[in-house]
Amino acid sequence: GVVPVNGEQKTFIAVFVENHYQHASKRIFTDHPNCDIAMLIDQPKSKVYFRRRWDETIDLQKLANKLCKGTGKPFAASGKLNESVLKLVQNFKKV
């Protein structure tokens, strides 16, 4: 889905995964070069992981903190799966 972040439109792709987050994010960015941010949702662990494309500058730690009281680094962050995250991805186009 396309979501406004800090006044810019960012393309998100969300997938459901169990483990292998790095592999899944690499695959997303390889298969979808226009994706800015990957959201990796691990329902059994009630976690959401955020990764950004290598040339993207958005601070994912700030995004995770705002969206799901998460933490991390500017390029990779995570937080607790919550209603805010689920509401956001509910509006994404299914592929």
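Keep in mind it's a predicted model, so treat the numbers as computed, not measured. (Residues numbered from 1 in each chain as written. Predicted model: local features only at pLDDT ≥ 70, side-chain atom pairs only at ≥ 80, totals over all residues. Heavy atoms only, no water.)

1. Quick notes on the confidence of the model for the protein
What counts, and what does not: The predictor reports its confidence for every residue as pLDDT, a score running from 0 up to 100. Numbering of helices and strands runs from the N terminus, with a helix taken as a DSSP run of H or I at least four residues long and a strand as a DSSP run of E at least two residues long.
Confidence in the prediction for the protein averages 92 pLDDT; 99% of positions are at 70 or higher. When pLDDT is averaged over each helix and strand of the protein, the minimum, 86, is found for strand β1 (residues 2-5) and the maximum, 97, for strand β6 (residues 76-80).

2. Some remarks on the side chain of aspartate 36
Stated precisely, the cut-off is as follows: Any pair of nitrogen or oxygen atoms within 3.5 Å is treated as a polar contact; in protein, a donor-acceptor pairing is required on top of that, and neighbouring residues in sequence qualify only through side-chain atoms on both sides.
Position of aspartate 36 relative to the elements: it lies in the loop between α1 (21-31) and β3 (37-42). A polar contact of 2.8 Å, which involves the side chain of aspartate 36, links it to the backbone nitrogen of threonine 11. At a separation of 2.7 Å, a polar atom in the side chain of aspartate 36 contacts the side chain of arginine 53.

3. Topic: the packing of aromatic side chains
Convention followed: Only the six-membered ring of Trp is used, alongside the rings of Phe and Tyr, when aromatic pairs are assigned; centres must lie within 6.5 Å, and planes under 30 degrees apart are stacked while those over 60 apart are edge-to-face, with the rest tilted. In this scheme, a residue with accessible area under 20% of its type's maximum is buried, one over 50% is exposed, and one in between is partly exposed, where area comes from a 1.4 Å probe on protein chains only.
Tallying each qualifying case throughout the model produces two aromatic pairs. Between the aromatic rings of tyrosine 21 and tyrosine 49, the centroid separation amounts to 4.0 Å while the plane-to-plane angle is 25 degrees, which identifies the pairing as stacked. Of this pair, tyrosine 21 sits in helix α1 while tyrosine 49 sits in strand β4 (residues 47-52); the two residues are 28 residues apart in sequence, bridging distant segments of the chain. The pair formed by tyrosine 21 and tyrosine 49 is uniform in burial state, with each residue classed as buried.

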